[in-house]
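Structural description and commentary
Okay, here's what each chain looks like letter by letter:
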Amino acid sequence: MALDPQLQALYDRKAAEGGRPLYTMSLQEAREADLAAVLDGAGTPEPVEEVTDTTFPGPEGPLPVRVFRPAGEGPLPVLVYYFGGGWTLGTIDTCDAICRSLANAAGCLTLAVGYRLAPENPFPAAVEDCYAGLRWTAEQAGARFGADTSRICVGGDSAGGNLAAAVTLMARDRSGPELAGQLLVYPNTDHLADTESRRTHTDPLLFNDKSVRWYWDNYLAHQADGSDPLASPLRAESHKGLPPALVITAEYDPLRDEGELYAERLRESGVPVELTRYPGVIHGFFAMAGTLDAGRRAVGQAAAHLRTVFAGGGPAGTKG
């Protein structure tokens, strides 16, 4: 399919402005440009009943968490959400609009968990922080925020999807908590992926293979760490016993194939999975619900998945 017309207009504007790939910028420039682009694409954030900024104890010190509470009586089920940015860029502000929309549409308490960024804090800092945020949620969110901690999902987009997938492995293999579901939006799943989408989506103005390699090089202090399933969840020995999943991919995304391979691996392991590839769109479209109809549809689908798993049912199956 051709590029989505709304996306084509944005692409043409970026080309006319002479936009630079993030991987050609300094780290600080890239972080500022990424946040500005995300906020621009997200549009006006939805109001929610209450927003609370606080901290939780991370492995190396306090880390930020933002709690979004929708209108309605509690106790409410919980989504723990991890922002994207290649483990290198991003803040809780990056996913603020997404979390507001999901909290309202899914009727759940949503916690955006902060984590240490690479390259200053390479793997496994981010994933250990994310798991600590999940454990803190399970232990504290009931008393502090009126959460129903027997119904917790994890989710994230891009690197946040990678972290969410890794956290499900940690929750299964360590001491919990038990999870009701997972939401994985165009996740990185394999450091050594050699897929058609990685080879063919090379447009320098878009998220491309050079972008992917730049993020991995920042995240991994040692290339051998890329084989660790907490860095590359596709490489886990077993995916049995993981929670029901919705996996969302984008047609023009170098990460498309590894996300879809991960969905297939989950399905082969007996995990209920719904997989949807959105046509005509690129990596990052989920965070552009303020400007792209496809982004709004995907956020709506994610909310519907959350409502289903919070109610005790898994995804119905696979969608193309």
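Coordinates for the structure precede this section.
Anyway, here's the lowdown on the structure attached to this text. (Residues numbered from 1 in each chain as written. Predicted model: local features only at pLDDT ≥ 70, side-chain atom pairs only at ≥ 80, totals over all residues. Heavy atoms only, no water.)

The next subject is the nonpolar core. Core analysis: the biggest nonpolar cluster contains 103 residues, and Tyr82, Leu102, Leu134, Tyr219, Phe285 and Phe286 have the highest contact counts within it. Other than its neighbours up to four places away in sequence, Phe285 contacts Tyr186, Ile248, Thr249, Ala250, Tyr278, Leu292, Ala294, Gly295 and Ala298. (Core = buried A, V, L, I, M, F, W, Y, C linked by side-chain atoms within 4.5 Å. Buried < 20%, exposed > 50% of the residue type's maximum accessible area, 1.4 Å probe, protein only. Contact = heavy atoms within 4.5 Å.)

Looking along the chain, the bond that leaves Ala118 and enters Pro119 is cis, with omega of 0°. Turning to its location among the elements, Pro119 is positioned in the loop between strand E4 (109-113) and helix H4 (125-145). Of note, the amide linkage connecting Phe123 to Pro124 takes the cis form, showing an omega dihedral of 10°. Here Pro124 shows up in the loop between E4 and H4. If you check the backbone angles, Trp87 has positive phi at about 60° while not being a glycine. In this fold, Trp87 is placed in the loop between strand E3 (76-82) and helix H3 (96-106). One non-glycine residue, Tyr186, adopts positive backbone phi at about 30°. As for its position among the elements, Tyr186 is in the loop between strand E6 (181-185) and helix H6 (196-200). (Helix = DSSP H or I, 4+ residues; strand = E, 2+ residues; numbered from the N terminus.)

Mapped onto the elements, Asn218 comes out in helix H7 (residues 209-219). With a relative accessible area of 14%, Asn218 lands in the buried category.

It is worth spelling out the packing of H4 against helix H5 (residues 159-173) at this point. As a packed pair, H4 and H5 sit with axes 9 Å apart at the nearest point and diverge in direction by 65°. As for the relative orientation of H4 and H5, their crossing is right-handed in sense. For the pair formed by H4 and H5, the contact residues are Ala126, Val127, Glu128, Cys130, Tyr131 and Leu134 on the first element and Leu163, Ala166, Val167, Met170 and Ala171 on the second. Looking at the contact of H4 with H5, its residues break down into ten nonpolar, no polar and one charged. (Axes fitted to C-alpha atoms, helices over the stretch in contact; angles between N-to-C directions. Left-handed = near helix turned anticlockwise from the far one by under 90°. Nonpolar A, V, L, I, M, F, W, Y, C, P; charged D, E, K, R; others polar.)

Before going further, it helps to examine the sheet that holds E3. Strand pairing in a sheet is mediated by backbone hydrogen bonds. Such pairs are either parallel or antiparallel. Judged by pairing direction, the sheet is mixed, and its eight strands sit side by side in the order E1-E2-E4-E3-E5-E6-E7-E8 without closing on themselves. Each edge of the open sheet is held by one strand with a lone partner, namely strand E1 (50-58) and strand E8 (273-282). Sheet twist, expressed as the average angle between the axes of neighbouring strands with direction ignored, equals 20°. Where E3 meets E4, five bridges bridge the pair, whose relative direction is parallel. By the bridge assignment, Tyr82 is partnered in E4 with Val113. In the packing of H3 onto the sheet, the strands contacted are E1, strand E2 (61-69), E3, E4, strand E5 (147-157) and E6, and the crossing angle to E2 comes to about 45°. (Pairing = 2+ DSSP bridges.)

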